[in-house]
Amino acid sequence: MAFVERTVKEGDNLAAFFEGGEERRLTLTDGSRIAVIGGGPAGTFFTYFLLRLAESIDLDVSVDIYEPRSFAYQGPAGCNHCGGIVSESLVQLLATEGINLPPAVVQRGIESYVLHMDVGTVRIETPLQEKRIAAVFRGNGPRESEPLPVSGSFDGFLLELAASSGARVVRKLVSATSWDTGRPRVTCSDGTSATYDLLAVAAGINSQALQLFQEIAPGYQAPKTLKTFICEFRLPREALDKFIGPSMHVFLLDIPRLEFAALIPKGEFLTLCILGDDVDNALIDTFLSAPEVKACFPDGQVPAPACHCFPRVNVEAAAQLYGDRIVWIGDSGVARLYKDGIGSAYRVAKAAAKTVVHHGISAEDFRQHYGPACGRINSDNTIAKFIFGVSTLIQRVRFLRRGVLRMTANEQQRRAARRHMSTVLWDLFTGSAPYKEVLTRTFHPEFPAMLGWNLLAGNLARRRANGSKGNAHG
Amino acid sequence: MKTGTFEQVLAQPAQAEQLPPCGANCATGTDVRGWIAVVAQRHKLGLTDADAISQAWRMVADVNPFPATLGRICPHPCEAGCNREGKDGAVAINALERFLGDWGLRQGLSLERMESDPKPERIGVVGAGPAGLSFAYQMARRGYRVTVYDGEPKPGGMLQHGIPEYRLPEEVLTGEIQRIRELGVELRLGTAIGRDVSVDELRTQHDVLFLGIGAQRAQRLGVEGEDGPGVWSGTEYLSSVNRGAPPALGDDVVVVGGGNTAIDAARTARRTGARVTLLYRRTRQEMPAIAAEVEEALVEGVTLALLAAPLRIERTGEAVTAITVQRMELGEPDASGRRRPVAVAGSAYELPASAVIAAVSQEPDWEGIGSLYTGPTWVKTQPWGRIDEQLWAGGDALGLGIAGIAIAHGRRAAEALHAQLRGQPAPAAPSRAAVTGKAIKPDYYAACARTEAPALPAAQRLVSPETEVHATIGEAEFLEEVTRCFSCGLCFGCEQCFMYCNGKGFVRAEHAAPGAYFTLQLDACEGCRKCIELCPCGFLSAQPLA
């Protein structure tokens, strides 16, 4: 009966309901049990929205979140590995959903970023007030840090939020999945198992969990991933204030295989993120030996990191990420390329929750109502690949770097109303806006004109300077 | 950072089994964690409940042929260091062992032979107590012909005569000894050396002798009025009760001593309906008896008179009427580290007494066998109980201890003797440093309350004095209690290292076994130490990058 009421209330799917016949439709009903594998942002957002939406239509379901790890652990053991950047737009979006990040979670507000290139350095202030970003720790901070309060871990906060919404957190590791007369069954490493009406996989890509579904969902193909690097340096607060400030430092250096690197201040730590092609120890050491990098540390000395990891990022979406009674969300499905993975986890988790509560839990329901949300991220990622291609080009070609530097520096100096390059770079490096918007902004007629002028002026000025220097030497 | 510095901070995991506190503290040297693991991990090992329990029993019986017995009487030092203690109580290892022991008896499991080829050496054992029987068992299963001599008509030594029925029913002990007999060990009971068999006969009939004579001679109180009727030693009293011929004690029994024999005697006397006072010259804190047993004695109505020493036993004619008691106070620490009791002048008082049981201490009784061993009263041996090539010893004759120690003496002597006779290298000394502290992560493990064995109400105990005070836990409780084990220092397959390694550095082992669920592939290691920090049991430790 709950189904009929719900369908009528929602005002859609009536046709499908009558045409398909109730027995052929897969929906959640009172008493349905949902298993969520993984208690990171995707799993907790999904749970939070699912329970809230279900409550709003008087649907009584239960959710078990399987998360064996404790976000109270320090270092990689309690961390879901990412740079820990949450854009202000996401913070505000979450606030409208009733999710308010407690102050203890925000390690530092980022108010500007500093772009470092071999041709010079430029500071870019927050383009607009609402575009500040928050730096967070996913777990309980780096190894040997001052322990954070329980709510100080971003993922810990979200998991508590899901638990307080009524979900049960099962601190067990899932070691197998199977079908139990058409329903997904979850088996844990301690030998216990349980059968559910719906299985949501939010296991991320930094575990071996995605191997667990080969038998029950042979069509699912895990996303293609890229190895990145993150580490944490412990620095005295005074040194952080002096050398880093409330800024994210972005490096576009012409180092082979290096795509992008950033330093982000958090509390007494400085987080380093490196994106690149096959990041390895040699690349890390080369980067850390670059003069532009050393200059960000007291006495030019880079300390040994307190902890580090090589997280994988989703660079190409998973294939067939739903089926009857099963859906993949977050990084194990689709994610925004390189940036704002938390934001994309939020979007897909909400879309999936809406689908299962308001429509159904069959593959067809997911295709119609969850697929489009994933598709939007996918097509934005296609644009992203183009933009990052251009960014790499800039990184590799010195004269382009000069143009970008000059244009940005001028915009910042003049405090111009239209800061084309600044905004583009900000959004690109913080992930504050969809890549499509970033690209659209470069279509503004002033952009190519300004860039062209700065390319000329920047490199002309440089040649003159070189020329005079050369003369002096000669 | 200089080039290469980043690599210097990297560390790799090493899979290294660590000694758990239970195993390190177990008197018998049983692999406690190992047998618990077989049951707790039975699903992963593909064992049925029954097969897993029987396998655990065999692992215990491998070193201790008396699990049902020790499961009842052992003061379980294994539980003392349990890393679970601070979370929600130590694993109830003693209760688990008792269940296993009863399981073995109920299922009719037999002890396993190790070597089937018969050995030519004839082995004689003096004393059918825990040390002698443990030694006999270990020798017999290695193919030796073993004869055990005991002056008493029933085997078991102190287990048989010194432990009251309400703590250890005779059928349990008999059942466990029967299995040793079934291995071919010959028990010559009621055969005292020097009375029924001469030392010379013993020497000619056996190539090697093992002395497991215990410490049966009770020390005297050394007070006026001690000689005469109405005064017994603790072992005398307990063994006469166990023989079915309890002496008449009267209404006011005073037991002197603070050890387990004193407590057993007091509780046994209390079961006759008498008022029982236990006299101890120090405080309760210094009592060597098992704390839980002292607690049970109090529950049953035994009165403790602490800081009190006997001064004189008062008699009217032959009959004991009272005991004069000297109040004591604690002075400077003595050689044992305990504070020495000192008499408080002018504080003597009289306690009414119809009988006095003196359970102060015991020492080896060399009557009839003095020519076998000419050393001091307490036997001094080389490692593993070796006195010389033909003479070995173990148990209380080496110093008073719990039954578990005697069982270990017997086993270690057998292992060393077997090595000597077969020309094999002597066994190595066991390591004793156990894994504790930071390496264990108690919060990984789900909370689960400790199983407590049900106890008979005190009133019931006095009504049926032979009924066991504590019951054996049920199979369901047993199967739940094993899940509480942290498996300190040995992989139990939590799978976190495998699951969370970014580099896929752990590969499922083809044949899963405790400690061998995953193999390491260090080529894939990215040095982040996540696996080490996630490992809840301390099996993974850090080593510098190769």
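Rules used in this analysis
- Residue positions are counted from 1 within each chain, in the order its sequence is given.
- Naming scheme: in the order in which they are written, chains are lettered from A and ligands are numbered from 1.
- It should be noted that, the model being predicted, local features are given only for residues of pLDDT at least 70 and side-chain atom pairs only at 80 or more, the latter also being counted only at that level, while totals for whole chains, interfaces and linings use all residues.
- In DSSP terms, a helix is any run of H or I states spanning at least four residues, a strand is any run of E spanning at least two, and both are numbered starting from the N terminus.
- Placing a C-beta atom from the backbone of each residue, one calls two residues in contact when those atoms lie within 7 Å.
- Here the radius of gyration uses the C-alpha set of atoms, whereas the globule reference equals 2.2 Å times the residue count to the power 0.38.
- Between the buried cut of 20 or more and the exposed cut of 12 or fewer other C-beta atoms within 10 Å of a residue's own C-beta lies the partly exposed class, and all C-beta atoms are placed from the backbone.
- We call Asp, Glu, Lys and Arg charged. Ala, Val, Leu, Ile, Met, Phe, Trp, Tyr, Cys and Pro are nonpolar, and the rest, Gly among them, are polar.
- Strands were regarded as paired on the criterion that DSSP finds at least two bridges between them.
- Here, axes are lines fitted to C-alpha atoms. For helices the fit covers the stretch in contact, and angles between N-to-C directions go from 0 to 180 degrees.
- A set of buried residues qualifies as a nonpolar core if it consists of Ala, Val, Leu, Ile, Met, Phe, Trp, Tyr and Cys joined through C-beta atoms within 7 Å.
- Domain extents, as shown, originate in an automatic or database domain assignment.
- By convention the crossing between two helices is left-handed if the near helix lies anticlockwise of the far one by an angle smaller than a right angle, and right-handed if it lies clockwise.
- For every residue, the predictor states its confidence as a pLDDT score lying anywhere from 0 to 100.
- Residue count minus one, scaled by 1.5 Å, sets the expected span of a helix.

## Quick look at the overall build of chain A
Point 1. Helix and strand content of chain A: 15 helices and 21 strands.
Point 2. Taking all contacts inside chain A whose residues are at least 6 apart in sequence as the whole, residues at least 24 apart take part in 74%.

## Quick word on the overall build of chain B
Point 1. In terms of regular secondary structure, chain B is built from 21 helices and 21 strands.
Point 2. Computed over C-alpha atoms, the radius of gyration of chain B comes to 26 Å, within 12% of the 24 Å expected from 2.2 N^0.38 for 546 residues, which places it in the range of a compact globule.
Point 3. Dimensions of chain B along its principal axes, counting C-alpha atoms only, are 95 × 55 × 45 Å.
Point 4. Scored against the burial criterion, the 546 residues of chain B give a buried share of 49%.
Point 5. Taking as baseline every contact in chain B between residues at least 6 positions apart, the subset at least 24 positions apart corresponds to 72%.

## Details of the interface of chain A and chain B
Point 1. The partner chain B presents 26 residues to the 28 residues of chain A that form the contact.
Point 2. Counting residues per element, the ones that place at least two in the side of chain A that touches chain B are helix H7 (281-289) and strand E18 (307-309) of chain A.
Point 3. With five residues, H7 of chain A is the largest single contributor of residues to the side of chain A that touches chain B.
Point 4. Classifying every residue of the side of chain A that touches chain B by side-chain character gives 14 nonpolar, 11 polar and three charged.

## A few points about the sheet that holds strand E4 (residues 106-110) of chain A
Residue and element names in this part refer to chain A.
Point 1. The sheet built from three strands is open, its strands ordered E3-E7-E4 with antiparallel pairing. Of all strands in the sheet, those bounded by a partner on one side alone are strand E3 (85-87) and E4. The average undirected angle you get between the axes of adjacent strands in this sheet is 30°.
Point 2. One ladder, built from four bridges, connects E4 with strand E7 (residues 133-136); its direction is antiparallel. Residue pairing across strands places Val106 opposite Val136, the latter belonging to E7.
Point 3. Lying on the sheet, helix H4 (residues 88-96) is in contact with E3 and E7; it crosses E3 at an angle near 70°.

## Focus: the nonpolar core
Point 1. If you look at the biggest cluster of nonpolar residues, it comprises 252 residues, and the most contacted ones within it are Phe46, Ala200, Ala349 and Ala352 of chain A together with Ala136 of chain B.
Point 2. The element contributing the most residues to this core is helix H9 (residues 341-358) of chain A, with 10 residues.
Point 3. Once you skip the residues sitting within four places of it in the chain, Ala349 of chain A turns out to touch Ala42, Phe45, Phe46, Phe49, Ile329 and Gly330 of chain A.
Point 4. Of all hydrophobic cores here, the second largest spans 41 residues; its members include Val253, Ala269, Ala308 and Val325 of chain B.

## Regarding the sheet that holds strand E10 (residues 303-305) of chain B
Residue and element names in this part refer to chain B.
Point 1. Ordered in space as E7-E15-E8-E9-E10, the five strands form an open sheet in which the pairing is parallel. Taken across any chain shown, the strands that pair with only one partner, and hence form the sheet edges, are strand E7 (231-233) and E10. The average angle at which neighbouring strand axes cross in this sheet is 20°, direction not considered.
Point 2. Relative to strand E15 (residues 355-358), E7 runs parallel, the two being bridged by three bridges. By the bridge assignment, Ser233 is partnered in E15 with Ala358.
Point 3. Against the sheet, helix H14 (residues 234-242) touches E7 and E15, its axis set at about 90° to E7.

## Here's the deal with the pairing of strand E9 (residues 174-180) of chain A
All names here are of chain A.
Point 1. Bridge analysis of E9 against strand E10 (residues 183-188) gives six bridges, and the strand direction is antiparallel. Counterpart to Ser178 in the pairing with E10 is Arg185.
Point 2. Hairpin connection from E9 to E10: two residues lie between these consecutive antiparallel strands, with Thr181 at a positive phi of about 40°.

## Observations concerning the domain arrangement of chain A
Much of the literature gives interface size as the accessible area that the parts lose upon coming together.
Point 1. According to the domain assignment, chain A contains domain 1 (2-79 + 152-224 + 315-382), domain 2 (229-310) and domain 3 (385-473).
Point 2. The gap between the C-alpha centroids of domain 1 of chain A and domain 2 of chain A is 35 Å.

## What about the packing of helix H3 (residues 41-56) of chain A against H9 of chain A?
Residue and element names in this part refer to chain A.
Point 1. Orientation of H3 relative to H9, taken along the N-to-C sense of each, is 35°, at an axis distance of 8 Å. Where H3 crosses over H9, the two elements pack in a sense that is right-handed. Along its contact with H3, which presents Pro41, Ala42, Phe45, Phe46, Phe49, Leu50, Leu53 and Ala54, the element H9 presents Ile342, Ala345, Tyr346, Val348, Ala349, Lys350, Ala352, Ala353, Lys354, Val356, Val357 and His358.
Point 2. Residue classes in the contact of H3 with H9 are distributed as 17 nonpolar, one polar and two charged.

## A few points about the confidence of the model for chain A
Residue and element names in this part refer to chain A.
Point 1. Overall, the predicted model of chain A reaches an average pLDDT of 86, with 90% of residues at or above 70.
Point 2. Across residues 14-23, where pLDDT falls below 50, the model places four contacts with residues more than four positions away in sequence or in other chains.
Point 3. In this model residues 467-474 is a low-confidence stretch, pLDDT under 50, and it forms zero contacts with partners more than four residues away in sequence or in other chains.

## Some thoughts on helix H9 (residues 93-107) of chain B
Residues and elements named next belong to chain B.
Point 1. The terminal C-alpha atoms of H9 lie 21 Å apart, and with 15 residues this matches the ideal 21 Å at 1.5 Å per residue to within 8%.
Point 2. Buried residues dominate H9, accounting for 12 of its 15 residues.
Point 3. Burial in H9 covers these residues: Ile93, Asn94, Ala95, Leu96, Glu97, Arg98, Phe99, Leu100, Gly101, Asp102, Trp103 and Gly104.
Point 4. Just beyond H9, the residue with positive phi is Gly108, at close to 65°.

## Overview of unusual backbone geometry
What is expected of a backbone is that most residues other than glycine have negative phi and most peptide bonds are trans.
Residue and element names in this part refer to chain A.
Point 1. A positive phi angle, close to 60°, is found at Asp58, a residue other than glycine.
Point 2. Within the secondary structure, Asp58 is located in the loop between H3 and strand E2 (62-66).
Point 3. We note that Gln320 has phi near 55°; this positive angle belongs to a residue other than glycine.
Point 4. Residue position: Gln320 is located in the loop between strand E19 (312-316) and strand E20 (322-323).

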